[in-house]
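Read off the chains here:
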Amino acid sequence: MKTYNDIIQGFYAPLTAYLEREVVPANETATRPPLPFCSYTVLNPRLVQHGPASGHIETIVDGDTVLERKETDIEATFSFNFFGQTDLEAMSLAAKAEEFLDFVGEYELNSRGLVVVDITNIQDRTLYLGDAYEYRVGFDVWFRVKEIKERVVANTIDDVEIEQI
C-alpha cells in the first residue's frame, strides 16, 4: 500500500536536488530555512479514482494459499509555496519547480510510483505583514499513485458434496 510518506518521499528528494533549495513541510514548528525555499502541504490526502480497472479485486491462488489483491488509483493534492527575498526570486523558484514536476522530472517521478495528473497555474500568494511583505508564489499539484491492499483468505472450501434429490 502506498502511504502519504511514500508520496512525499517520491517527490521530495528529486525536487530538492533539482531546485538546489530546501523543500520543507508547511505546517510544522521548525526553524525556517534560509530564503529562497519551498514548502508543501497536503490539501486532499485521498481522492479515489474510478477508472476501468480501479478498485477491482483479483484472486491469486498459490498452492494452498489464496490471496486477494485490490488495486485502486488514488490522487493526492499537494500545495507548494515558494518563498523569496523578492517576488522575482520566489517566482523563479516556482517556475523551476513547475518545470521539473511538469516535464523534466517525469521519468524520475514515474520510477518512484508517482504520476503528475495536473498542475495549477503559478499564483501570487504574497502576504503583507504590517511593515513588510512575505514574498511567495505557489501552485497545486495532483499526484496519482496505485494503492495496493492485500489479504489472505483464511476460510476456503476445498471440497463440496452435493446430494441429488
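Undergrad: Help me understand the side chain of Thr 120, please; the structure alone is not making it clear to me.
TA: Topologically, Thr 120 is positioned in the loop between strand E5 (115-119) and strand E6 (123-124). Within the structure, Thr 120 has its side chain in polar contact with the backbone nitrogen of Asp 140 (distance 2.8 Å). Those residues in contact with Thr 120 that lie beyond four places of it in its chain are Phe 139, Asp 140 and Trp 142.

Undergrad: In this structure, what is going on with the layout of surface pockets? I would like to understand it.
TA: Gaps left between atoms are located by rolling a probe of water-molecule size over the structure's atoms. Roughly 170 Å³ of internal volume is contained in the largest pocket. Lining the largest pocket we find Val 24, Pro 25, Ala 26, Glu 28, Ala 30, Thr 31, Arg 32, Pro 33, Phe 37 and Ser 39. At the level of secondary structure, the elements contributing two or more residues to the lining of the largest pocket comprise strand E1 (23-25) and strand E2 (37-49). Broken down by class, the residue content of the lining of the largest pocket amounts to six nonpolar, two polar and two charged.

Undergrad: Would you take a moment to explain the nonpolar core for this structure?
TA: If you look at the biggest cluster of nonpolar residues, it comprises 27 residues, and the most contacted ones within it are Phe 11, Phe 78, Phe 80, Phe 82, Leu 101, Phe 139 and Phe 143. Of all the elements in the fold, those that place two or more residues in this core are helix H1 (4-19), E2, strand E4 (65-84), helix H2 (87-104) and strand E8 (133-152). Of the residues forming this core, the biggest block, six residues, is contributed by H2.

Undergrad: Looking at this model, I keep getting lost on H2. Mind explaining?
TA: Residues spaced three or four apart along an α-helix point in a common direction, a consequence of the helix completing one turn every 3.6 residues. Compared with the 26 Å implied by 1.5 Å per residue over 18 residues, the 24 Å span of H2 between its first and last C-alpha is a close match. The complete set of buried residues in H2 reads Ala 90, Leu 93, Ala 94, Ala 97, Phe 100 and Leu 101. Across the axial projection of H2, the buried residues extend over an arc of 120°, all falling on one side. Of the exposed residues in H2, the ones pointing more than 90 degrees away from its buried face are Leu 88 and Phe 103. Elements that come into contact with the buried residues of H2 comprise H1, E2, E4, helix H3 (106-111), E5 and E8.

Undergrad: What exactly am I supposed to notice about the pairing of E2 here?
TA: Looking along a regular strand, one sees the side chains alternate between the two faces of the sheet. Strand direction decides the pairing type here: E1 and E2, joined by three bridges, are parallel. Within the sheet, the bridge partner assigned to Val 24 lies in E2 and is Ser 39. Two strands pair when backbone bridges link them, and E2 and E4 are joined in this way by 10 bridges, in the antiparallel orientation. Opposite Cys 38, over in E4, you have Phe 82 as the bridge partner.

Undergrad: Sorry, what's going on with the side chain of Thr 16 here?
TA: As for its placement among the helices and strands, Thr 16 is situated in helix H1. In this structure the side chain of Thr 16 is engaged in a polar contact, spanning 2.7 Å, whose partner is the backbone oxygen of Tyr 12. Excluding anything up to four places from it in sequence, Thr 16 contacts Arg 21 and Val 23.

Undergrad: Hey, could you run me through H1 in this one?
TA: Given a rise of 1.5 Å per residue, 16 residues ought to cover 22 Å, and the 22 Å separating the end C-alpha atoms of H1 matches this to within 8%. Of all the bends found along H1, the most pronounced is centred on Tyr 12 and spans about 25°, while Pro 14, a proline, follows it within four residues. Within the span of H1, buried status applies to Ile 7, Ile 8, Gly 10, Phe 11, Pro 14, Leu 15, Thr 16 and Leu 19. Considering only its buried residues, H1 is in contact with E1, E2, E4, H2, H3 and E8. Glu 20 lies just past H1 and shows a positive phi near 55°.

Undergrad: Can you help me understand the pairing of E8 in this one?
TA: By the bridge criterion, 18 bridges tie E4 to E8 in an arrangement that is antiparallel. Within E8, the residue paired with Glu 71 across the bridge is Ile 148. Here E6 runs beside E8; their pairing, made up of two bridges, is antiparallel. Residue pairing in the sheet places Asp 124 in a bridge with Val 137 of E8. One ladder, built from two bridges, connects strand E7 (residues 127-128) with E8; its direction is antiparallel. Within E8, the position partnered with Leu 127 by the bridge is Glu 134. Counting the residues in the hairpin turn of E7 and E8 gives four residues, including Gly 130, whose phi is positive at 95°.

Parameters at a glance
- Residues numbered from 1 in each chain as written.
- Predicted model: local features only at pLDDT ≥ 70, side-chain atom pairs only at ≥ 80, totals over all residues.
- Heavy atoms only, no water.
- Helix = DSSP H or I, 4+ residues; strand = E, 2+ residues; numbered from the N terminus.
- Polar contact = N/O pair within 3.5 Å; in protein donor to acceptor, adjacent residues only side chain to side chain.
- Contact = heavy atoms within 4.5 Å.
- 1 Å grid on protein atoms, 1.4 Å probe; cavity = no way out; pocket = protein on both sides within 12 Å on 5 of 7 lines; lining within 4 Å.
- Points joined across faces, edges and corners; volume = space filled by probe spheres on them.
- Nonpolar A, V, L, I, M, F, W, Y, C, P; charged D, E, K, R; others polar.
- Core = buried A, V, L, I, M, F, W, Y, C linked by side-chain atoms within 4.5 Å.
- Buried < 20%, exposed > 50% of the residue type's maximum accessible area, 1.4 Å probe, protein only.
- Expected span 1.5 Å × (residues − 1).
- Arc of directions from axis to C-beta.
- Pairing = 2+ DSSP bridges.
- Bend = angle between axes of the 7 residues up to and from the residue.

Structural measurements only, silent on function.
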